[in-house]
Amino acid sequence: MIDPTGEATAAAGETRLGNRSFLVAPRGGIVARYDKIHMFDIDLPGGESYRESNAYRPGSGTVVVETPWGRLGMSVCYDLRFPHLYRALAQAGADFLAVPSVFTVPTGSAHWHVLLRARAIENGCFVFAPAQWGEHTGGRRSYGHSLIVDPWGEVLADAGEGVGIVSARIEVARIAEVRRMVPSLQHDRRFTHPELVAQPLAAE
């Protein structure tokens, strides 16, 4: 249940909506819900402008859900650009990352594949990223390319442009295998905030 466009503007005094993703059980019950944390408020080089926060309020909590196959970390769309969120999900035990999205054509064609592959590689997780495709009100176009990415960063399925369904065989053992090869989750260390060195280096 996603609408990250922010095209509508909340009236004065009106409660803003939540951009919410649901995990639904096979019998139809809602198992978990997640409210998108990061709002898509940007101006793109082609003149496209988005102010999601005009109509939607940001969430503040992260969600990891137990499933029969492993733990699922939930996110939505623009969250993809904030790698610390996914690191927190992986450190909380997530084996799979869900990223339902509506990327624009300019940002999608430039960044969609590489960001999803990076989140998979960084955290040794499978990534499931369903994505809207097509033309919306006002001529805005969505990029599509629903993806399934394995923990090594290999794209197992790509829906491309158009409406359709993709699937892939998920080898859950691949998660532990990749994390043994590159155990970066075990190597995380706390560190202080960057120290600004105010004295610039002299130019030679």
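Residues numbered from 1 in each chain as written. Predicted model: local features only at pLDDT ≥ 70, side-chain atom pairs only at ≥ 80, totals over all residues. Heavy atoms only, no water.

A. Just unusual backbone geometry, in detail. Look at Cys77: it is not a glycine, yet its phi comes out positive at around 45°. Tracing the chain through its elements places Cys77 in the loop between β8 (71-74) and α1 (83-91). A residue is classified by how much of its surface remains accessible, and Cys77, at 5% relative accessible area, is buried. The phi dihedral of His145 falls on the positive side, at around 60°, and the residue is not glycine. (Helix = DSSP H or I, 4+ residues; strand = E, 2+ residues; numbered from the N terminus. Buried < 20%, exposed > 50% of the residue type's maximum accessible area, 1.4 Å probe, protein only.)

B. How the structure looks around the layout of surface pockets. Roughly 560 Å³ of volume is contained in the largest pocket. Contributing to the lining of the largest pocket are 22 residues, with Leu23, Val24, Thr67, Trp69 and Leu72 lying nearest its centre. Breaking the lining of the largest pocket down by element, the ones donating at least two residues are β2 (20-24), β7 (64-66), β8 and β9 (96-98). Looking at the lining of the largest pocket element by element, the count peaks at 4 residues for β2. Here the residues of the lining of the largest pocket sort into 19 nonpolar, 2 polar and 1 charged. Space inside the second largest pocket adds up to approximately 230 Å³. In this structure, the second largest pocket is lined by 17 residues; those nearest its centre are Pro130, Ala131, Ser146, Ala159 and Gly164. (1 Å grid on protein atoms, 1.4 Å probe; cavity = no way out; pocket = protein on both sides within 12 Å on 5 of 7 lines; lining within 4 Å. Points joined across faces, edges and corners; volume = space filled by probe spheres on them. Nonpolar A, V, L, I, M, F, W, Y, C, P; charged D, E, K, R; others polar.)

C. Representation of the packing of aromatic side chains in the model. Taken as a whole, this structure holds 6 aromatic pairs when the rule is applied. Taken together, a centroid distance of 5.2 Å and an interplanar angle of 45° make the contact between Phe40 and Tyr50 tilted. Note that Phe40 is positioned in the loop between β3 (30-35) and β4 (41-43) and Tyr50 in strand β5 (residues 49-51), a separation of 10 residues in sequence. For Phe40, a relative accessible area of 12% translates into the label buried. For Tyr50, a relative accessible area of 5% gives the class buried. A centroid spacing of 5.8 Å and a plane angle of 25° characterise the contact between Phe96 and Phe128, whose relative ring orientation is stacked. Of this pair, Phe96 sits in strand β9 while Phe128 sits in strand β10 (residues 126-129); the two residues are 32 residues apart in sequence, bridging distant segments of the chain. With a relative accessible area of 6%, Phe96 lands in the buried category. Put simply, the rings of Phe40, Tyr50, Tyr78 and Phe82 pair up and form one aromatic cluster. (Phe/Tyr/Trp six-rings, centres within 6.5 Å; stacked < 30°, edge-to-face > 60°.)

D. Examining helix α3 (residues 173-181) more closely. Of all the positions in α3, only Ile175, Val178 and Arg179 are classed as buried. Down the axis of α3, the buried side of the element spans an arc of 100°, and every buried residue falls inside it. Seen from the buried face of α3, the exposed residues on the opposite side, beyond 90 degrees, are Ala173 and Arg180. Buried positions along α3 lie against β9, α2 (105-123) and β10. (Arc of directions from axis to C-beta. Contact = heavy atoms within 4.5 Å.)

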